Amino acid sequence: TNLILALLGHGGITVMGLNTLLLGSETVLGHALFYLLPSRMPVFWRAAGATVITLFLTTGMLIGMVAASHLDIALIPHGAEQGGHPPGEGGVGRFAAMVLLLGSLGWLLESVITGVVVRFISQIKPELLRHRLHGDRVREGR
């Protein structure tokens, strides 16, 4: 997936490692959180909750990566006619605020879609959600 995204110009080849780290973290965190949430919760809410928490944490990782890179995004040239901000305004704090604000809307939408899909899977083919490490923690139809 990352190679295809890089070849299509989404991030490029130079950030494939970071994209892989973020996507891999989302996969591991989402799986772990889904099975760590109480099994008495309906499957929809477990999946939706795990999705929101995972996306929040990995967005924090993204913000941390930007901050660690010492990239001052305010130094990226923006013309006033393009609605940009002059150098000196912004920085990682503004980037974090924008990503968290806009990202949270996407998190909610993605969590609902994920919850619906996982609930559907639990009703139609629940063995897909069972894992040897976790036993039968997913109850069908909930």
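What counts and what doesn't
One numbering rule holds for all chains: residues counted from 1, following each sequence as written. Side-chain atom pairs in this predicted model are given and counted only at pLDDT of 80 or more, local residue features only at pLDDT of at least 70, and totals for whole chains, interfaces and linings cover all residues. To get the side-chain values, take all heavy atoms of the structure and skip hydrogens and water. In this description, a line fitted to the C-alpha atoms serves as the axis of each element, helices being fitted only across the stretch in contact, and the angle between N-to-C directions of two axes falls anywhere from 0 to 180 degrees. Helix and strand assignments follow DSSP, with helices taken as H or I runs no shorter than four residues and strands as E runs no shorter than two, numbered in order from the N terminus. Every angle not falling under 35 degrees, over 145, or within 65 to 115 is termed oblique; those three ranges are roughly parallel, roughly antiparallel and roughly perpendicular. Helix crossings get a hand from a simple test, with the near helix turned counterclockwise from the far one by less than a right angle marking a left-handed crossing and a clockwise turn marking a right-handed one. Contacts: residue pairs with any heavy atoms within 4.5 Å of one another. Only centres within 6.5 Å qualify two rings of Phe, Tyr or Trp (six-membered ring in Trp) as a pair; their planes then separate them into stacked at under 30 degrees, edge-to-face at over 60, and tilted for everything else. Only protein chains enter the area calculation, which uses a 1.4 Å probe; residues under 20% of their type maximum are buried, those over 50% are exposed, and those in between are partly exposed. Consider the ring centre and the ring normal. A charge sits over the ring if Lys NZ or Arg CZ is within 6 Å of that centre and within 35 degrees of that normal. Each residue carries a pLDDT score, the predictor's confidence in it, ranging from 0 to 100.

> Describe the packing of helix 2 (residues 16–36) against helix 3 (residues 43–68), and please don't skip the residues or the numbers.
Where helix 2 meets helix 3, the closest approach of the two axes is 8 Å, and the angle between their N-to-C directions is 150°. Considering their axes alone, helix 2 and helix 3 lie roughly antiparallel with respect to each other. Between helix 2 and helix 3 lies a crossing of right-handed hand. Contact residues: Leu-18, Leu-21, Leu-22, Ser-25, Glu-26, Leu-29, Gly-30, Leu-33, Phe-34 and Tyr-35 in helix 2; Val-43, Arg-46, Ala-47, Ala-50, Ile-53, Thr-54, Leu-55, Leu-57, Thr-58, Met-61, Leu-62 and Met-65 in helix 3.

> Kindly report on the packing of aromatic side chains, identifying the contributing residues and their values.
The way to describe two aromatic rings as a pair is by their centre distance and the angle between their planes. What the rule picks out here adds up to three aromatic pairs. With a centroid separation of 5.0 Å and 85° between ring planes, the pair formed by Phe-34 and Tyr-35 is classed as edge-to-face. Judged by its relative accessible area of 7%, Tyr-35 is buried. Centre to centre, the rings of Phe-44 and Trp-45 are 4.9 Å apart; their planes meet at 90°, and the pair counts as edge-to-face. In this structure Trp-45 comes out as exposed when scored by relative accessible area, which is 53%. Above the face of the Phe-34 ring, Arg-46 is positioned so that its terminal group lies 4.4 Å from the ring centre.

> Residues and numbers for the confidence of the model for the protein, please.
Mean pLDDT for the protein: 80, with 71% of residues reaching 70 or above. The least confident element of the protein is helix 1 (residues 2–7), whose mean pLDDT is 70; the most confident is helix 4 (residues 92–124), at 93. Note on residues 79–88: pLDDT is under 50 here. Beyond four places in sequence and across chains, it has seven contacts.

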